[in-house]
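Read off the chains here:
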Amino acid sequence: MEEKWILQVHGVRGSAPAAEREFLTYGGNTSCISLDYGRGVLAFDAGTGLSGLGRRMCDKNIKRADILLSHLHMDHLSGLFGFLPFYDPEAEIHIYGRAGIGFPEYLHLLVGRPFWPVGLKEVPARIRFHEIEPGQSFALAEKNPAGKDPAEKNLAGRNPAEEKEPENRIQIDTLPGNHPGGSLLYRVRTAEKSVVYALDCEMSEEMVDALADFSTGSDLLIWDAAFTPRDLEKHKGWGHSTWEQGIALRRRAGAKAALMTHFSQGYTDGFLQQQEQLAREADSAACFAREGMVIRI
Ligand SMILES: [Zn+2]
Ligand SMILES: [Zn+2]
């Protein structure tokens, strides 16, 4: 039996942080969710919630993180500025993003002068970038005891079947999302369990089959619930979805549970509580993400 994964929510907002008091029950930070899989920590996106994950990593002396970026909109990047492990010479940070858009160059541009005093090339941590083609599957770049880096080989085109992998090796699948400028959705899996992260994706008739296939049988579907159906009408083409669509997808894919997040920055705690109640009445396997929430998988 594989050990439990511990998923923790660090940021639930879309577009921009919302730090006033009426937002703090669900939380004011932008998108970041971590997954501690026992041998390391994965982070889905690097919104302002990433700062909290960085502090926790320092407190717990965790030296390795793999950050999976959905895309380069600022609500998914602004936690990179205050990410303390960058300043730890023993830390090793792997950052994954969509190939073909030059994301490493953009991150160097963003986290550096004049926007930030210390550039990513100057920080003491070892930073590695991995450019992923939409639809590509790869093994997490974990070091094995011999010091080999399997993902590098996979990315270089070697057949992963040639490598003898431990059964609990983390595999990651990707799917292009429907979002202005594109996004990358992730499924993290081992032989025993899987989690799907599908943020910044507007449900569409063209996407529904691919999303259901991608999420089939997953233990948890993390879904873009940025808008209510009424508000979505006014924001068609913005690249976001609703909790109702998340519930329909969960049922169709046979996912065990759905976690709604990336809430519109204007939705207060009172409003989200009402929406969450409606969602739970519609589907007892659905819940809304709150900062600090921990889910064991
Ligand atoms: Zn976003
Ligand atoms: Zn976006």
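Per-chain numbering applies: the sequence of each chain, read as written, is numbered from 1 onward. Written order decides the labels, with chains lettered from A and ligands numbered from 1. Owing to the predicted nature of the model, reporting of local features is limited to residues with pLDDT of at least 70; listing and counting of side-chain atom pairs is limited to 80 or more, with chain, interface and lining totals taken over all residues. Calculated side-chain values reflect all of the structure's heavy atoms, with hydrogen atoms and water omitted.

## A closer look at the coordination of the zinc ion (ligand 2)
Line of reasoning, step 1. The protein atoms donating to the zinc ion (ligand 2) are His71 (NE2), His73 (ND1), His179 (NE2) and Asp200 (OD), with metal-donor distances spanning 2.1 to 2.6 Å.
Line of reasoning, step 2. The rule for donors is simple: an N, O or S atom within 2.8 Å of the metal counts, and for Na, K and Ca the reach is 3.2 Å. Water is not among the atoms, so a site may look short of donors. Within one chain, the residues donating to the zinc ion (ligand 2) are spaced in sequence as H-x1-H-x105-H-x20-D.
Line of reasoning, step 3. A distance of 3.6 Å spans the gap from the zinc ion (ligand 2) to the zinc ion (ligand 1), which aspartate 200 bridges by coordinating each metal. Of the two residues, histidine 71 is situated in the loop between strand E4 (64-68) and strand E5 (92-98) and histidine 179 in the loop between strand E8 (171-177) and strand E9 (183-189); the sequence distance between them amounts to 108 residues.
Line of reasoning, step 4. Here histidine 71 falls in the buried class, since its relative accessible area comes to 5%.
Line of reasoning, step 5. Think of it in three bands: residues with accessible area under 20% of the maximum for their type are buried, residues over 50% are exposed, and the middle band is partly exposed, with areas taken using a 1.4 Å probe on protein chains only. In this structure histidine 179 comes out as buried when scored by relative accessible area, which is 9%. Helix numbering and strand numbering both begin at the N terminus, where a helix is a DSSP run of H or I of at least 4 residues and a strand a DSSP run of E of at least 2.

## Quick word on the coordination of the zinc ion (ligand 1)
Line of reasoning, step 1. Around the zinc ion (ligand 1), the protein contributes the donor atoms Asp75 (OD), His76 (NE2), Asp200 (OD) and His262 (NE2), at 2.1 to 2.3 Å from the metal centre.
Line of reasoning, step 2. Every geometry call rests on angle ranges, with four donors termed tetrahedral when all angles are between 85 and 135 degrees, four termed square planar and six termed octahedral when opposite donors are over 155 degrees apart and all others are between 65 and 115, and everything else termed irregular. In this structure, the zinc ion (ligand 1) is coordinated by four donor atoms arranged in irregular fashion, with angles at the metal of 92 to 164 degrees.
Line of reasoning, step 3. Each donor residue of the zinc ion (ligand 1) belongs to the same chain, and together they define the spacing D-H-x123-D-x61-H.

## A word on the sheet that holds strand E1 (residues 6-11)
Line of reasoning, step 1. In this description, strands pair whenever DSSP reports at least two bridges between them. The seven strands are arranged E6-E5-E4-E3-E2-E1-E14 in an open sheet whose pairing can be described as mixed. The strands lining the two open edges of the sheet, one partner per strand, are strand E6 (126-132) and strand E14 (294-296). Looking at each pair of strands side by side, their axes are set apart by 20 degrees on average, direction ignored.
Line of reasoning, step 2. In this structure, strand E2 (residues 32-36) lies alongside strand E3 (residues 41-44), joined through four bridges in antiparallel fashion. In the sheet register, isoleucine 33 faces E3, and the bridge partner there is phenylalanine 44.
Line of reasoning, step 3. Its contacts with the sheet put helix H2 (residues 103-110) on E5 and E6, and the angle it makes with E6 is roughly 140 degrees. Angular values range over 0 to 180 degrees, each being the angle between N-to-C directions of two axes fitted as lines to C-alpha atoms, with helices fitted over their stretch in contact. Contact criterion: two residues are considered in contact whenever any of their non-hydrogen atoms come within 4.5 Å of each other.

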